[in-house]
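For reference, the chains in residue letters:
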Amino acid sequence: MAVARPKNWVANRPVQDSRLAWEAAVPELARRSRNWWTAPLRILGAAVPNRRANGGMEGGGSTGFAREIGQDASSGRLKSYAVPVDVAAERLTPEERKALRAGGVLPEWFFDAVEEERRAQRKRR
């Protein structure tokens, strides 16, 4: 088992395995879904943290717009992993399901399977 338990994991919740797999995978998938260009936008977006500093404009003015673009790009790509995670979760063995339920631990092959399914979905479009 390769992927460590996410923070604040609640063991043995009465939800579907695919939902648990998604919750366990989100930290790694969020890292993978970030574009290289979102980091400068997040830094620029954080430069003006409140309304007074940007003349009272809602959302941080132009830097708020940069923040939104960076977040939207990352969240859109993260959403593209939802169905592939469900498909990969169907392949979990009973032992892997127990480890997922108890500790939020995913097997080593899981993220490779998710990426493979994501590529296959893109080809089908």
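Description of the structure in this document. (Residues numbered from 1 in each chain as written. Predicted model: local features only at pLDDT ≥ 70, side-chain atom pairs only at ≥ 80, totals over all residues. Heavy atoms only, no water.)

## Section: the overall build of the chain
For the chain, the count of helices and strands is six helices and zero strands. Ordered by position in the sequence, the α and β elements of the chain form the string α-α-α-α-α-α. Counting across all 125 residues of the chain, residues that qualify as buried make up 38%. Long-range pairs, those at least 24 residues apart, make up 71% of the contacts in the chain between residues at least 6 apart in sequence. Put simply, the chain shows about 8,000 Å² of open surface, and 54% of that area lies on carbon and sulfur atoms. (Helix = DSSP H or I, 4+ residues; strand = E, 2+ residues; numbered from the N terminus. Buried < 20%, exposed > 50% of the residue type's maximum accessible area, 1.4 Å probe, protein only. Contact = heavy atoms within 4.5 Å. Areas by Shrake-Rupley, 256 points an atom, 1.4 Å probe, with all protein chains shown as cover.)

## Here's the deal with the packing of aromatic side chains
For the structure shown, the criterion picks out two aromatic pairs. Seen in terms of ring centroids, W109 and F110 are 6.0 Å apart; in terms of plane orientation they differ by 55 degrees. Their pairing is tilted. Using a relative accessible area of 29% as the deciding quantity, one classes W109 as partly exposed. Ring geometry for F110 against F111: centres 5.7 Å apart, planes inclined by 90 degrees, an arrangement best described as edge-to-face. With a relative accessible area of 0%, F110 lands in the buried category. Members of the aromatic cluster, connected to one another through ring pairs, are W109, F110 and F111. The aromatic ring of W9 is capped on one face by R13, whose charged end is 5.2 Å from the ring centroid. Positioned above the aromatic ring of Y81, the side-chain terminus of R118 is 4.3 Å from the ring centre. (Phe/Tyr/Trp six-rings, centres within 6.5 Å; stacked < 30°, edge-to-face > 60°. Lys NZ or Arg CZ within 6 Å of the ring centre and 35° of its normal.)

## Description of the side chain of Q121
Tracing the sequence through the fold places Q121 in helix 6 (residues 110–124). Residues within four places of Q121 in sequence aside, it is in contact with S80, V83 and P84.

## What about the packing of helix 4 (residues 82–89) against helix 6?
Two elements in contact, helix 4 and helix 6, have axes whose closest approach is 8 Å; the angle formed by their N-to-C orientations is 125 degrees. Judged by the angle between their axes, helix 4 and helix 6 are oblique. Of the two elements, helix 4 crosses helix 6, and the hand of that crossing is right-handed. Between helix 4 and helix 6, the residues in contact are V83, P84, V85, V87, A88 and A89 and F110, A113, V114, E117, R118 and Q121, respectively. (Axes fitted to C-alpha atoms, helices over the stretch in contact; angles between N-to-C directions. Parallel < 35°, antiparallel > 145°, perpendicular 65-115°, else oblique. Left-handed = near helix turned anticlockwise from the far one by under 90°.)

## Some thoughts on helix 5 (residues 94–103)
Regarding helix 5, the residues found buried are E96, L100 and G103. Down the axis, helix 5 shows its buried residues gathered within 105 degrees of arc, on one side only. Exposed and facing more than 90 degrees away from the buried side of helix 5 are P94, E95 and K98. Considering only its buried residues, helix 5 is in contact with helix 1 (17–33). Count one or two residues on from helix 5 and you reach G104, which has phi positive near 70 degrees. (Arc of directions from axis to C-beta.)

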